[in-house]
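One-letter residues, chain by chain:
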Amino acid sequence: MLSLRQFQQFLAVAETMSFRRAAEHLNMAQPPLTATIRQMEAELGVRLFERTNRINSLTAAGEVLREEAQRTIDQAERAVALTRRAGTGEIGSLRIGFVASAVRQLLPTLIAEFRESQPGVVLELEEAPSARQIAALLEDRMDLGIVALPLPSGAEPRILTQTIVRSRLVAAIPARHPLANALHTPLTLAALADEGWVLFPAAEGPGLHSTILRACAQAGFTPRIVQRAVQMETIVGLVAAGLGVALVPSLFAETGREGVVFRDLVGHGSPIAYEVALTRRKGHNLPALEAFIQTVLRVLSLR
């Protein structure tokens, strides 16, 4: 098996058609270079150069070897370059989950910034509730999750979290509901005790689901759930249809939604915290993953 070093020495001779000039180019003595070419010819069983006292030309076999040797060296250099780029997070792929309601305004900017700085990394994006993301992280089906806190019980010892958004929950009320128009009256959570609620299933976001139920319990009631929906966008849509009230992240109040009035809550236990975090499995430290996290932090610092 010929080595890359032998290929490099052969190509130097083929390019200069001179053992002396090739040896100078390679910064080596001429006799070892001549010996290398003879050894290659012996191993291959062919002559690579037409020569008398000097090299006249490449043989047909030498022409083939020149082309293949150059291709081999180019591929080897590419392998080294790609390996180094992978080590710095410049290439590869990332499987990222996200809660759309948490980052619907942030995600497009994150993707654009990351693709500009790391064009060689392929992003595989999946919208999923927090609980599904945590399960996927633990089963190595996802590299990074953007989830709503708190984490499901039992996940904390195996998951690293980094909070990136700190906000609050607000009440989403159908626009025709009396509470939507009583803006002069502070709205407490207890005021929603007799209303029908639209809420996501506990299994899809157990941490946040528990937070909401605990806040309601502290206000003296258990919410009467009339409709369940997984995504916050869907929940807000169902509120707009008049099916009930809900608690949703305050960013919905910032952007607004026709048919829905968003109101801050006051009184005991308010505001109810809503936090979004980057999550990953402990020990999972891909360079591309670190590069994406740094992009997130950079974008957030500019907002």
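Scoring rules and cut-offs
Residues numbered from 1 in each chain as written. Predicted model: local features only at pLDDT ≥ 70, side-chain atom pairs only at ≥ 80, totals over all residues. Heavy atoms only, no water. Core = buried A, V, L, I, M, F, W, Y, C linked by side-chain atoms within 4.5 Å. Buried < 20%, exposed > 50% of the residue type's maximum accessible area, 1.4 Å probe, protein only. Helix = DSSP H or I, 4+ residues; strand = E, 2+ residues; numbered from the N terminus. Contact = heavy atoms within 4.5 Å. Axes fitted to C-alpha atoms, helices over the stretch in contact; angles between N-to-C directions. Parallel < 35°, antiparallel > 145°, perpendicular 65-115°, else oblique. Arc of directions from axis to C-beta. Pairing = 2+ DSSP bridges. Right-handed = clockwise from strand over helix to strand, strands pointing away. Phe/Tyr/Trp six-rings, centres within 6.5 Å; stacked < 30°, edge-to-face > 60°.

With that settled, the discussion passes to the nonpolar core. Membership of the largest hydrophobic core comes to 60 residues, with the highest contact counts inside it found for L189, W197, I212, L247 and V248. Looking at this core, the element that brings in the most residues is helix 12 (residues 287–302), giving seven residues. Once you skip the residues sitting within four places of it in the chain, L247 turns out to touch L169, V170, A171, L189, W197, I212, M232, L265 and I272. Core analysis: the second largest hydrophobic core is formed by 21 residues, A23, L33, M40 and A69 among them.

What follows deals with the packing of helix 2 (residues 19–26) against helix 3 (residues 30–44). How two helices sit against one another is set out by the angle between their axes and by the gap between those axes. Interaxial distance between helix 2 and helix 3 falls to 9 Å at its minimum, and their mutual angle equals 110 degrees. Judged by the angle between their axes, helix 2 and helix 3 are roughly perpendicular. Contacts between helix 2 and helix 3 pair F19, R20, A22, A23 and L26 from the former with Q30, L33, T34 and I37 from the latter.

Along helix 6 (residues 107–117), the residues classified as buried are L107, L110, I111 and F114. Seen end-on, helix 6 carries its buried residues on one side only, within an arc spanning 95 degrees. What points out from helix 6, more than 90 degrees from its buried face, is the exposed set P108 and E116.

Let us look at the pairing of strand 8 (residues 224–228). As paired strands, strand 7 (residues 196–199) and strand 8 are joined by four bridges and run parallel to one another. Its bridge partner lying in strand 8, G196 is registered against R224. For the segment spanning strand 7, helix 9 (residues 206–218) and strand 8, crossover handedness is right-handed.

Below, the discussion takes up the packing of aromatic side chains. Summed over all chains, the structure comprises three aromatic pairs. Seen from their ring centres, F10 and F49 are 5.6 Å apart, and the 50 degrees between their planes marks the pair as tilted. Here F10 is found in helix 1 (residues 4–16), whereas its partner F49 is found in strand 1 (residues 49–51), with 39 residues between them in sequence. Neither F10 nor F49 differs from the other in exposure class; each is buried. Aromatic pair F114 and F292: ring centres 5.2 Å apart, planes at 70 degrees, arrangement edge-to-face. With a gap of 178 residues between them, F114 in helix 6 and F292 in helix 12 connect regions that are remote in the sequence.

With that settled, consider the environment of R21. By secondary structure assignment, the location of R21 is in helix 2. Spatially, the C-alpha atoms of R21 and S301 are 57 Å apart, while their sequence positions differ by 280 residues.

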